Amino acid sequence: MYTVTVTSPEQTMALGQRLANGLQAQDVILLDGDLGAGKTTFTKGLAVGLGITRNVKSPTFTIIREYQGGRLPLYHMDVYRLEDGSGDELGLDEYFNGDGVNVVEWSKFIADELPANYLRIVFKRDDEASEMQRTLSFEPVGEHFTELVRHLEDD
Ligand SMILES: Nc1ncnc2c1ncn2[C@@H]1O[C@H](COP(=O)(O)OP(=O)(O)O)[C@@H](O)[C@H]1O
Ligand SMILES: [Mg+2]
């Protein structure tokens, strides 16, 4: 596991941007952590790294937002409001086996529908240290994501 502490939204975005370089179609990135922890901020950076020029907005009320025009499409999901077991209706599988990069906020709500391999990133605030401090833990599952995190660590 790789852990990194950042002290500004820009640093969180920069991490997302760097991660984007190694991503390929069908990758699944799970972003977990409380409201305001920085999951959407990270995704904004990841989109920039993919070369997407549209501004990424939180998909909380739409559940899925799609961004074309970058090196790969980005499918940004926030499944917080998904009813239990309705991942099926959303067609999650089609996204996961599709042509783009998948980013899922609040993955605990689709725990039964996760693919075999993924990268989970857990965001934690530390308000006692600073209002802008976040610790990100990268927890890869599978060889591809383990390799990806190794590169991130080395850069
Ligand atoms: N280090 C940091 N990383 C990310 N966001 C930060 C950081 N410090 C402060 N913030 C602020 O915290 C909020 C994070 O919101 P957001 O990314 O939407 O979180 P989430 O998607 O996890 O609910 C933003 O207002 C952002 O400006
Ligand atoms: Mg969010």
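Check the entry above for the structure.
Residues numbered from 1 in each chain as written. Chains lettered and ligands numbered in written order. Predicted model: local features only at pLDDT ≥ 70, side-chain atom pairs only at ≥ 80, totals over all residues. Heavy atoms only, no water.

Q: I would appreciate a short explanation of unusual backbone geometry in the present structure.
A: Most of the time, phi is negative for any residue but glycine, and the peptide bond is trans. Although it is not a glycine, Gln-26 adopts a positive phi angle of roughly 80°. Despite not being glycine, Trp-106 has its phi angle at roughly 65°, a positive value. Relative to the helices and strands, Trp-106 resides in the loop between β5 (101-105) and β6 (118-125). Given the relative accessible area of 12%, Trp-106 is considered buried. (Helix = DSSP H or I, 4+ residues; strand = E, 2+ residues; numbered from the N terminus. Buried < 20%, exposed > 50% of the residue type's maximum accessible area, 1.4 Å probe, protein only.)

Q: I tried to follow the sheet that holds β5 on my own but got confused; where do I start?
A: Two strands in a sheet stick together by hydrogen bonds in their backbones, pointing the same way (parallel) or opposite ways (antiparallel). Taken in spatial order, the 7 strands make up an open sheet running β1-β7-β6-β2-β5-β4-β3, and their pairing is mixed. At either end of the open sheet lies a strand with only one pairing partner, and these are β1 (2-6) and β3 (64-67). Going across the sheet, the axis of each strand differs from the next one's by a mean of 20°, ignoring polarity. Where β6 meets strand β7 (residues 134-141), 8 bridges bridge the pair, whose relative direction is antiparallel. (Pairing = 2+ DSSP bridges. Axes fitted to C-alpha atoms, helices over the stretch in contact; angles between N-to-C directions.)

Q: It is not clear to me how the coordination of the magnesium ion (ligand 2) should be interpreted in this structure. Could you clarify?
A: Geometrically, a metal with four donors at the corners of a regular tetrahedron has ideal angles of 109.5 degrees, and one with six donors at the corners of a regular octahedron has ideal angles of 90 or 180 degrees. The coordination sphere of the magnesium ion (ligand 2), as far as protein atoms go, consists of Thr-40 (OG1) and Glu-105 (OE), spread over 2.2 Å. Of the two residues, Thr-40 sits in helix α2 (residues 39-50) while Glu-105 sits in strand β5, which places them 65 residues apart along the sequence. Like Glu-105, Thr-40 is buried. (Donors = N, O, S within 2.8 Å, 3.2 Å for Na, K, Ca; no water.)

Q: Which parts of the structure should I look at to understand the site of ligand 1?
A: By nearness alone, 15 residues border ligand 1, and Thr-12, Gly-36, Lys-39, Thr-41 and Met-132 come closest of all. For ligand 1, an oxygen atom lies 2.9 Å from a polar atom in the backbone of Thr-40. In this structure, a nitrogen atom belonging to ligand 1 sits 2.8 Å away from a main-chain N or O atom of Met-132. Residues of the shell around ligand 1, tallied by class, amount to 5 nonpolar, 6 polar and 4 charged. (Near = heavy atom within 4 Å. Polar contact = N/O pair within 3.5 Å; in protein donor to acceptor, adjacent residues only side chain to side chain. Nonpolar A, V, L, I, M, F, W, Y, C, P; charged D, E, K, R; others polar.)

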